[in-house]
Amino acid sequence: MPHPHPIELLRFNTCGSVDDGKSTLIGRLLYDSKNLMEDQIEALERSADITGGGQINLANLTDGLRAEREQGITIDVAYRYFATPRRKFIVADTPGHVQYTRNMVTGASTANLSIVLVDARQGVIEQSRRHTYLAALLGIPHIVIAVNKMDLVGWSEERFLEIRDEFEKFLPRLDTLRDVKFIPMSALNGDNVVDPSKHTPWYQGPALLGHLETVHIASDWNMSAFRFPVQWVNRPNNPTDQNLHDFRGLSGQIAGGLVRKGQPVIVLPSGLRSSIKEIWTHQSAVEEAFCPQSVTLCLEHDVDVSRGDMIVGFENLPGMGSDLQARVCWMHQRPLQPGKKYFLKHSTQTVQAVITSLESRINISTFEPEPHPPELTINDIGVIRIKTAKPLVFDGYNTNRLTGSFILIEQGTNATVAAGMLTAPGAAVKLDDNDFAI
Amino acid sequence: MNSYHLDHLQYLETEAIHVMREVAAEFERPVLLFSGGKDSICLLRLAEKAFLPSDLPMPFLNIETGHEFPELLEFRDRRAAQLGAKLLVRTVDDAIAKGLAMPKPGVVSRNQLQTPALLGAIEEFHFDCCIGGARRDEEKARAKERFFSFRDGFGQWDPKNQRPEIWNLYNARVNQGENMRVFPLSNWTEMDVWEYIKREQLEVPNIYFSHTRDCFRRGGQWTPLPPDHTDTTKPDPYAGARPKPNEPIKKLVVRVRTIADMISTGMIESPAESVDDIIAEIAAARVTERGTRADDRASEAAMEDRKKAGYF
Ligand SMILES: Nc1nc2c(ncn2[C@@H]2O[C@H](COP(=O)(O)OP(=O)(O)O)[C@@H](O)[C@H]2O)c(=O)[nH]1
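Nothing here was measured: the structure is a model prediction, and the numbers come from that model. (Residues numbered from 1 in each chain as written. Chains lettered and ligands numbered in written order. Predicted model: local features only at pLDDT ≥ 70, side-chain atom pairs only at ≥ 80, totals over all residues. Heavy atoms only, no water.)

K.L.:
Looking at this model, I keep getting lost on helix H1 (residues 8-26) of chain B. Mind explaining?
P.N.:
Residue pairs three or four apart in sequence face the same way in an α-helix, which turns once every 3.6 residues. All names here are of chain B. With 19 residues, H1 extends 27 Å between its outermost C-alpha atoms, agreeing within 8% with the 27 Å of an ideal straight helix rising 1.5 Å per residue. For H1, the buried fraction is high: 16 of the 19 residues fall into the buried class. Where H1 begins, one side-chain oxygen reaches toward the backbone nitrogen of Leu9, 3.1 Å away; that side chain belongs to Asp7. (Helix = DSSP H or I, 4+ residues; strand = E, 2+ residues; numbered from the N terminus. Expected span 1.5 Å × (residues − 1). Buried < 20%, exposed > 50% of the residue type's maximum accessible area, 1.4 Å probe, protein only. Polar contact = N/O pair within 3.5 Å; in protein donor to acceptor, adjacent residues only side chain to side chain.)

K.L.:
Before we go on, may I ask you to explain the nonpolar core in this structure?
P.N.:
Nonpolar side chains in soluble globular proteins tend to end up buried together. Ranked by internal contacts, the top residues of the largest apolar core, which has 70 residues, are Met20, Leu32, Phe51, Phe148, Trp188 and Trp194 of chain B. Of the residues forming this core, the biggest block, 9 residues, is contributed by H1 of chain B. Leave out the neighbours within four places in its chain, and Leu32 of chain B touches Met20, Leu43, Leu44, Ala47, Met58, Pro59, Phe60, Leu61 and Ile131 of chain B. Among the nonpolar cores identified, the runner-up in size contains 45 residues, and Val124, Ala135, Leu174 and Met421 of chain A belong to it. (Core = buried A, V, L, I, M, F, W, Y, C linked by side-chain atoms within 4.5 Å. Contact = heavy atoms within 4.5 Å.)

K.L.:
It is not clear to me how the pattern of salt bridges should be interpreted in this structure. Could you clarify?
P.N.:
Close approach of charged atoms lets side chains of opposite charge pair. Residue and element names in this part refer to chain B. For the coordinates displayed, the defined rule picks out 47 salt bridges over all chains. For Asp93, the salt bridge identified is with Arg110, shortest N-O distance 3.0 Å. On the criterion of sequence distance, the pair formed by Asp93 in helix H4 (residues 92-97) and Arg110 in the loop between H4 and helix H5 (114-125) is long-range, its members being 17 residues apart. Overall, Asp93 belongs to the partly exposed group, its relative accessible area being 43%. (Salt bridge = Lys/Arg side-chain N within 4 Å of Asp/Glu carboxyl O.)

K.L.:
Whenever I open this one, the sheet that holds strand S5 (residues 148-151) of chain B confuses me. Can you help?
P.N.:
Picture the strands of a sheet paired through backbone hydrogen bonds; they go either parallel or antiparallel. Residues and elements named next belong to chain B. Strand order in this open sheet of 6 strands is S3-S2-S1-S4-S6-S5, and the pairing throughout is mixed. Every interior strand has two partners, whereas the edge strands, strand S3 (87-91) and S5, have only one. This sheet shows a mean twist of 30° between the axes of neighbouring strands, independent of strand direction. Pairing geometry for strand S1 (residues 30-33) and strand S4 (residues 129-131), over 3 bridges, is parallel. Bridge pairing links Leu32 to Ile131 in S4. (Pairing = 2+ DSSP bridges. Axes fitted to C-alpha atoms, helices over the stretch in contact; angles between N-to-C directions.)

K.L.:
Any chance you could explain the site of the ligand here in plain terms?
P.N.:
Residue and element names in this part refer to chain A. Lining the immediate environment of the ligand, one finds 17 residues, of which Asp19, Lys22, Ser23, Thr24 and Asp151 sit closest. One nitrogen or oxygen atom from the main chain of Asp20 is found 3.4 Å from an oxygen atom belonging to the ligand. At a separation of 2.7 Å, a nitrogen atom of the ligand approaches a polar side-chain atom of Asp151. Surface burial for the ligand is 82%, taken as the share of its 580 Å² of free accessible area covered by protein chains. Broken down by class, the residue content of the shell around the ligand amounts to 5 nonpolar, 6 polar and 6 charged. (Near = heavy atom within 4 Å. Areas by Shrake-Rupley, 256 points an atom, 1.4 Å probe, with all protein chains shown as cover. Nonpolar A, V, L, I, M, F, W, Y, C, P; charged D, E, K, R; others polar.)

K.L.:
Explanation requested: the packing of aromatic side chains in the structure shown.
P.N.:
By convention here, two paired aromatic rings are described through the distance between centres and the angle between planes. The full count for this structure, using the stated rule, is 23 aromatic pairs over all chains. A centroid spacing of 6.4 Å and a plane angle of 20° characterise the contact between Phe27 of chain B and Phe148 of chain B, whose relative ring orientation is stacked. Linking Phe27 of chain B in the loop between H1 and S1 with Phe148 of chain B in strand S5, this pair joins segments that are 121 residues apart in sequence. Ring pairing ties together the aromatic residues Tyr133, Phe167, Phe170, Phe182 and Phe367 of chain A, which thus form one cluster. Positioned above the aromatic ring of Phe170 of chain A is the side chain of Arg129 of chain A, whose terminal nitrogen or guanidinium carbon lies 4.8 Å from the ring centre. A cation over a ring is seen here: Arg129 of chain A above Phe367 of chain A, with NZ or CZ 5.1 Å from the ring centre. (Phe/Tyr/Trp six-rings, centres within 6.5 Å; stacked < 30°, edge-to-face > 60°. Lys NZ or Arg CZ within 6 Å of the ring centre and 35° of its normal.)

K.L.:
Would you mind showing me how to read the packing of H1 of chain B against helix H2 (residues 38-51) of chain B here?
P.N.:
For any two helices packed against each other, the geometry comes down to the angle between their axes and how far apart the axes lie. Residue and element names in this part refer to chain B. Between H1 and H2, the shortest axis-to-axis distance is 9 Å and the interhelical angle comes to 70°. It follows from the interaxial angle that H1 and H2 lie roughly perpendicular. For the pair H1 and H2, the sense of crossing is right-handed. Residues Glu13, Ala16, Ile17, Met20, Arg21 and Ala24 of H1 pack against Leu43, Leu46, Ala47, Lys49, Ala50 and Phe51 of H2. For the contact of H1 with H2, the class distribution of residues is 9 nonpolar, no polar and 3 charged. (Parallel < 35°, antiparallel > 145°, perpendicular 65-115°, else oblique. Left-handed = near helix turned anticlockwise from the far one by under 90°.)

K.L.:
What am I meant to see in the confidence of the model for chain B here?
P.N.:
Detail in the predicted coordinates should be disregarded across regions flagged by low pLDDT. Residue and element names in this part refer to chain B. This prediction gives chain B a mean pLDDT of 86; 90% of its residues lie at or above 70. Taken element by element, chain B is modelled with least confidence in helix H8 (residues 300-309), mean pLDDT 32, and with most confidence in S1, mean pLDDT 98. If you check the scores for this complex, the pTM reads 0.92 and the ipTM reads 0.93. (pLDDT = per-residue confidence, 0-100.)

K.L.:
I'm lost on the pairing of strand S23 (residues 416-422) of chain A in this one. Help?
P.N.:
Regular strands show a simple pattern: their side chains alternate between the two faces of the sheet. Residue and element names in this part refer to chain A. The buried fraction of S23 is high, at 7 of 7 residues. Two elements, strand S17 (residues 319-330) and S23, share 5 bridges in a ladder whose sense is antiparallel. Following the sheet pairing, Arg327 is matched in S23 by Met421. Sheet topology places strand S22 (residues 405-410) next to S23; 5 bridges connect them, and they run antiparallel. Bridge pairing in S23 places Ile409 opposite Thr416. Two successive antiparallel strands, S22 and S23, enclose a turn made up of 5 residues, where Gly412 displays a positive phi of approximately 95°.

K.L.:
Explain the packing of H1 of chain B against helix H6 (residues 190-199) of chain B to me, please; I cannot follow it from the model alone.
P.N.:
All names here are of chain B. Between H1 and H6, whose axes approach to 11 Å, the crossing angle comes to 95°. Taken together, H1 and H6 sit at an angle that is classed as roughly perpendicular. In this structure, H1 uses His8, Leu9, Gln10, Leu12 and Glu13 to contact H6, whose residues at the interface are Asp192, Glu195, Tyr196 and Arg199. A class-by-class count of the residues in the contact of H1 with H6 yields 3 nonpolar, 2 polar and 4 charged.

K.L.:
Honestly, empty space enclosed by the protein in this entry has me stumped. Any pointers?
P.N.:
Empty space among the atoms can be located by rolling a probe the size of a water molecule over them. Under the definition given, this model contains 5 cavities of 30 Å³ or more. Volume-wise, the largest cavity comes out at about 90 Å³. Around the largest cavity, the lining residues are Pro229, Gln253, Ile254, Ala255, Ser347, Thr348 and Leu402 of chain A together with His18 and Asn168 of chain B. Each of two domains, domain 2 (227-312) and domain 3 (319-422) of chain A, supplies a minimum of three residues to the lining of the largest cavity. (1 Å grid on protein atoms, 1.4 Å probe; cavity = no way out; pocket = protein on both sides within 12 Å on 5 of 7 lines; lining within 4 Å. Points joined across faces, edges and corners; volume = space filled by probe spheres on them. Domains from an automatic or database assignment.)

K.L.:
Got a minute to help me understand the domain arrangement of chain B in this structure?
P.N.:
How big an interface is tends to be stated in terms of the accessible area lost upon association of its parts. All names here are of chain B. Per the domain assignment, the segments of chain B are domain 1 (3-202 + 301-309) and domain 2 (206-229 + 236-295). Placing the centre of domain 1 and that of domain 2 at their C-alpha centroids yields a distance of 24 Å. Overall, the association of domain 1 and domain 2 removes approximately 2,700 Å² of surface from exposure, summing both partners, and the carbon and sulfur fraction of that is 63%. One can count 3 salt bridges joining domain 1 with domain 2. Glu190 is the salt-bridge partner of Arg257, the closest N and O atoms lying 3.1 Å from each other. Here domain 1 is connected to domain 2 by 10 residue pairs in polar contact (both at pLDDT 80 or more). Among the secondary structure elements, those contributing two or more residues to the side of domain 1 that touches domain 2 are helix H3 (70-82), H6 and H8. Top element by residues in the side of domain 1 that touches domain 2 is H6. It accounts for 6 residues. (Buried area = accessible area lost by both parts, 1.4 Å probe.)

Below is the structure:
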């Protein structure tokens, strides 16, 4: 057995400006943790032959995309996979520059952790502020500020602390950031990447990989309020099998909290009440299930439930409404225009929506809102108000990434044009005392 | 608190099941591409988990090149029958007969011809979504592939203009004539696939395990000897793919690592007899200590990787 212990999965993305050493860093992580694939090794050999002397350039490992850049092809998100005996890793590699915001939002949306690279010689530049802002906007639970190229500043602790201070001046304004770690390193030489550096005796923390292997991610999912967007109604429709004849399961992925057999629940938006009769995973009923498991629930009463409904517990009720405020990242060449209709996909439901107003565009270098811009263009972040044809059952994005997020889809072309993060509801949904299960 | 936590396979599983159910909910006529290979075997288990006790809400489709390993076809048919699924088979021969596919003169392999055959089947059955078992770790181009990969009216993928995929919110909308390829195993690695096969105790075709087979060397790999040409009323389907006099046949202990058809699959020399052996073999192939460890159970695949790693 290669893996005696359960192995967790950590998803991270890397952000940095051109030449901060992002490709070198990913190459170094893959190389030093012995995760090279054949084709990557071949690519390295080839480039080593070209540059002569067999000197290997680690940046080439991840630079399938650099070639694309040279050919003028749109830069996109690529995913890479590696493993250590303790964890598996999925890296979202977003080398875009022009389209950086859009790609970073895509790559970071599923990340537990973001690595923000800084060139130690340059310190905090505008890009560093942007990347950190975006990581905070997306609610990424863990951030690593990788102060790279420490070899070029003589491994100076003073320089490292200076950069940390610069960050700490603006970090308090990004109040969603909970866990920020600073690591001095040299991606080129491998210092503090996989192996601790001999050059930084003044640094007591872990090397990057050690941190990635141990950072506590068990509570990255919202475990405090049960949310179950109904995804698919499971009706076997089998007239001959007595057990299956009446089976009516509600399948979906738990988007928050836990659910137990016997627990009272409410179906929203209808407000119908019932309780959990059975929780099915594959071929077996279980006593409880938790986020983000995919399960099938059976309710005690035969209430009307369909895809797009949300089943919730009685504690920590969500918001419900059709007039919503959200921050959006605009992702399409055609700009956002107030008054235009889109499809909005939120959890498992798609509804028509109209943007009623564009309240502000956020300057992501100063973090300041600029009120009432005429439009949002690609890579802009803005605050909008939106009206949906049917009420959404939702949480604020900062409370729950799964029930607080949506995408906008352009009608006709079906292009995905925006990623949206909902503002927390003003009040939780009011339950009417008359809402009982039939 | 810690017990409310998924390990990596459980996470990949819940993600894939979510994707499968989105397909069932969002598309009218989905189909699952089932070849009998290891990736699609995982897909089938995920489909069972996503939809049981209901019947699977989609048929299976396989495009045959006509050069299949008989073991694979037998396995494919048996698994589909066990699940009570409807298995549709379309062949490259049909596609050629209908003028959908044009063989290139002198090219024996029919890999390329599978694409027009697939597009023909999509049109014939009006499928709006095909679930496939591709993984992003397979090759560079795949690393950028989406879970929901949009194809235009000509079945084309436009990598420059993909829909961004954010959170777990998949945009499944297609217009008439367009369709979607969906890859629930996008985030799985080869190792994950085998670990899942082990955990779920899934049966795989026996050609994945080491066996003795007649092979000959061509194109830098061990090619399996095709079956004899018995029905002489028809032309030999393996004409051009049989060993030439200067390609001696050798009896080897081999297995397949990935399966295409008998013409395109390279057999690797390997003693791996069980799923555990295969997992150990992959582990060795990937994380070998720069060729310093002489592992006498090493397979050819491990050796190759190791040789390359030896450069460092
Ligand atoms: N001295 C030094 N050079 C580095 C370090 N990391 C990266 N570089 C160099 O910086 C240049 C840009 O690195 P690259 O990884 O391509 O940056 P990217 O554009 O962020 O992917 C390359 O010449 C690297 O060799 C480091 O830690 N120290």
